[in-house]
Structures are given as C-alpha cells and as structure tokens.
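The chain contents come next:
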Amino acid sequence: MQTTIKTLYEKGYNKSQISRMLEVDRKTVRKIIASKERGEPEVHRKEHLSQFDPYKEYILTKMEKGLTIKRIYEDLVREYEITGTYSGVRHYVQKHRPPKQAVYMVMHSLPGEEAQVDFGYIGKLNVGGKVRKAWVFVMILSYSRYMYAKIVLEQSVKTFIKCHIEAFEYFKGVPQIVKIDNLKAAVIEADFYEPLIQRTYAEFAKHTDSYRSHAEYIHQRTKAR
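A few points on the structure. For clarity, every value in this text was computed on a predicted model and none was experimentally measured. (Residues numbered from 1 in each chain as written. Predicted model: local features only at pLDDT ≥ 70, side-chain atom pairs only at ≥ 80, totals over all residues. Heavy atoms only, no water.)

Focus: the overall build of the protein
For step 1, the next point in the chain: Helix and strand content of the protein: 8 helices and 6 strands.
For step 2, the next point in the chain: For the protein, the α and β elements follow one another from N to C terminus as α-α-α-α-α-α-β-β-β-α-β-β-β-α.
For step 3, the next point in the chain: The burial tally for the protein puts 27% of its 225 residues in the buried class.
For step 4, the next point in the chain: Contacts in the protein between residues far apart in sequence, at least 24 positions, make up 45% of those at least 6 positions apart.
For step 5, the next point in the chain: As displayed, the protein offers around 17,300 Å² of accessible surface, 53% of which is attributable to carbon and sulfur atoms. (Helix = DSSP H or I, 4+ residues; strand = E, 2+ residues; numbered from the N terminus. Buried < 20%, exposed > 50% of the residue type's maximum accessible area, 1.4 Å probe, protein only. Contact = heavy atoms within 4.5 Å. Areas by Shrake-Rupley, 256 points an atom, 1.4 Å probe, with all protein chains shown as cover.)

Here it is, written out as structure tokens:
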C-alpha cells in the first residue's frame, strides 16, 4: 500500500485523489508521502508468529499427503500434545495451502469451421448529446482468433443479424458453425439441449447455409474446370 501511494503521488495524483482511489484515510496518505519526502525507509509490517510455526514442516508434510484438517489436528494433539484449537489449525493450514491452479480446456477447430459470438456491455456513451447504453458485438474465428467487433446501441434481432452480415463481409466468408451465448436477440428460452431460437435468426441461419452450399458448389465447379 505504501508503494502504491508513493507511485500514484509520483505520477501527479494529489493526496485527496489517492485517498479516494485507494479508500485510505487522507491522514495516512499524507503521513506516507511525508516520510517519502524525508527519505525515510518503508515501515514493514511485523510478522506475527503462530503457535503452530514450530510444527510447520510436520503440517506441510501432512498437507502434501492429502490429509484432512481434522486428521492433521488430531495427529498434532496425539504426537505433540498441542494446546491449540482445531479452528487455529484450520486457519494455519488454509494460510499455507498453495493456491489452486486454474484448469483450462483447449478447444480445437479447423479453419472456417467455427466462429463465436457475444455481446458485451461497455457502459454509457454520449451519442448526439444524449447518454445511451452501449454494447460491443464481437465475432471471433475459433481457429485463427481473427476478430470483428462493432459498438451497437441495442440488442435487437435486426441489429444482431446486421452485425453478423457485416462480420461475414469483413471475413469474406461464412463459417460452418456460429456459437452464440444465451442472448435475448437469438435465444428465447435457454435450454442446454434444445434452445428455442427466434424464428428470424433461425431463418437467417438457413439462408447462410444455402449461401455456403452454393458458394462451395461454385468453388468445386471452378476447381474441376
């Protein structure tokens, strides 16, 4: 926190601004800045020793073996006759437990096979002197990660389809599959297995299918010649 306050001050923010940004008392901000100007070193927070520190290696070994906190506590009581509480051991174990690694699934697709679509709310914009809510339409080609994005002021079906057409024109092609999030413009009733797609969007999907089939037919005929 001290480093952050000093960095913001060096970048030109005043004490009141830093206090509001970091939600820190202005007196604290003023005190830290004054110590910096006097050339005083940072005051580091003292480490509070725990009654379980002497058994740290023992506890970490038990954690690596996958033992429960209750089992670790019972073993400490039995082998070392500790006087600490179960909640104290639980807190100590949670403090020293390594952070969980995020697991990601890599999705593979072929060139031209799939695109992903979503709307993302980006706040309010001043449009012609009026404050309007705004979203960004995004279509990303899954294989190349090539992206088309456009800011829109509504999420109607008409706008949704228009953005698709502009994206296809931008990519100069139509992917075989378009994956959409559960958007009101496309999905009336969210259902994992059979989402009820709005009639207009469904007709648009059929149209792109026929367009794609026709384009592939022309391509094959040209290739054969």
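Side note on the nonpolar core
For step 1, the next point in the chain: Counting 19 residues, the largest nonpolar core has Phe 119, Phe 137, Met 139, Phe 160, Ala 167 and Phe 171 as the members making the most contacts within it.
For step 2, the next point in the chain: Elements that contribute at least two residues to this core include exactly strand E1 (114–127), strand E2 (130–141), strand E3 (147–152), helix H7 (157–171) and helix H8 (199–224).
For step 3, the next point in the chain: Per-element tally for this core: the top contributor is H7, with 7 residues.
For step 4, the next point in the chain: Sequence-distant contacts of Phe 171, that is, excluding residues within four places in its chain, are made with Met 139, Leu 141, Tyr 146, Met 147 and Tyr 148.
For step 5, the next point in the chain: With 11 residues, the next largest nonpolar core counts Ile 59, Met 63, Leu 76 and Val 89 among its residues. (Core = buried A, V, L, I, M, F, W, Y, C linked by side-chain atoms within 4.5 Å.)

So, the sheet that holds strand E4 (residues 177–180)
For step 1, the next point in the chain: Sheet architecture is open: 4 strands sit in the order E3-E2-E1-E4, paired in mixed fashion. Strand pairing shows two members of the sheet lacking a second neighbour, E3 and E4, which therefore form its edges. Taking the axes of each pair of neighbouring strands and ignoring which way they run, one obtains an average angle of 25° across the sheet.
For step 2, the next point in the chain: Strand contacts of H7: E1, E2, E3 and E4, with the helix running at about 145° to E3, the strand carrying the most contacts. (Pairing = 2+ DSSP bridges. Axes fitted to C-alpha atoms, helices over the stretch in contact; angles between N-to-C directions.)

Quick look at the pattern of salt bridges
For step 1, the next point in the chain: Across all of its chains, the model carries 8 salt bridges by this definition.
For step 2, the next point in the chain: Put simply, Glu 203 and Lys 206 hold a salt bridge, and the shortest N to O gap is 3.8 Å. Here Glu 203 pairs with Lys 206, and both are found in helix H8, just 3 residues apart, close to one helical turn.
For step 3, the next point in the chain: Each of Lys 62, Arg 71, Asp 75, Arg 78 and Glu 79 takes part in one network of salt bridges that share partners. (Salt bridge = Lys/Arg side-chain N within 4 Å of Asp/Glu carboxyl O.)

What to know about the packing of aromatic side chains
For step 1, the next point in the chain: Counted under the stated rule, the structure contains 11 aromatic pairs.
For step 2, the next point in the chain: Measuring from ring centre to ring centre gives 6.5 Å for Phe 137 and Tyr 148, while their planes differ by 65°; the resulting arrangement is edge-to-face. Taken as a pair, Phe 137 in strand E2 and Tyr 148 in strand E3 lie far apart in primary sequence, 11 residues in all. Of the two residues, Phe 137 and Tyr 148, neither departs from the other in class, the shared state being buried.
For step 3, the next point in the chain: Grouping aromatic residues by their ring pairs yields a cluster made of Phe 137, Tyr 146, Tyr 148, Phe 160, Tyr 170 and Phe 171. (Phe/Tyr/Trp six-rings, centres within 6.5 Å; stacked < 30°, edge-to-face > 60°.)

Thoughts on the packing of helix H5 (residues 69–80) against helix H6 (residues 86–96)
For step 1, the next point in the chain: Relative to each other, H5 and H6 sit at 120°, their axes nearing to 9 Å. It follows that H5 is oblique to H6 by the angle criterion. The crossing of H5 and H6 is right-handed. When H5 is examined against H6, the residues Ile 69, Lys 70, Ile 72, Tyr 73 and Leu 76 are found in contact with a partner set consisting of Tyr 86, Val 89, Arg 90 and Val 93.
For step 2, the next point in the chain: Counted by class, the contact of H5 with H6 contains 7 nonpolar, no polar and 2 charged residues. (Parallel < 35°, antiparallel > 145°, perpendicular 65-115°, else oblique. Left-handed = near helix turned anticlockwise from the far one by under 90°. Nonpolar A, V, L, I, M, F, W, Y, C, P; charged D, E, K, R; others polar.)

Structural notes on helix H4 (residues 56–64)
For step 1, the next point in the chain: Three or more residues of H4 are buried, namely Tyr 58, Ile 59, Lys 62 and Met 63. What you see down the axis of H4 is that its buried residues fit within an arc of 135°, all on one side. Every exposed residue of H4 that faces more than 90 degrees away from the buried side is listed here: Glu 57 and Glu 64.
For step 2, the next point in the chain: Summarising the contacts, the buried residues of H4 are in contact with H5 and H6.
For step 3, the next point in the chain: One or two positions beyond H4, positive phi appears at Gly 66, with a value near 85°. (Arc of directions from axis to C-beta.)

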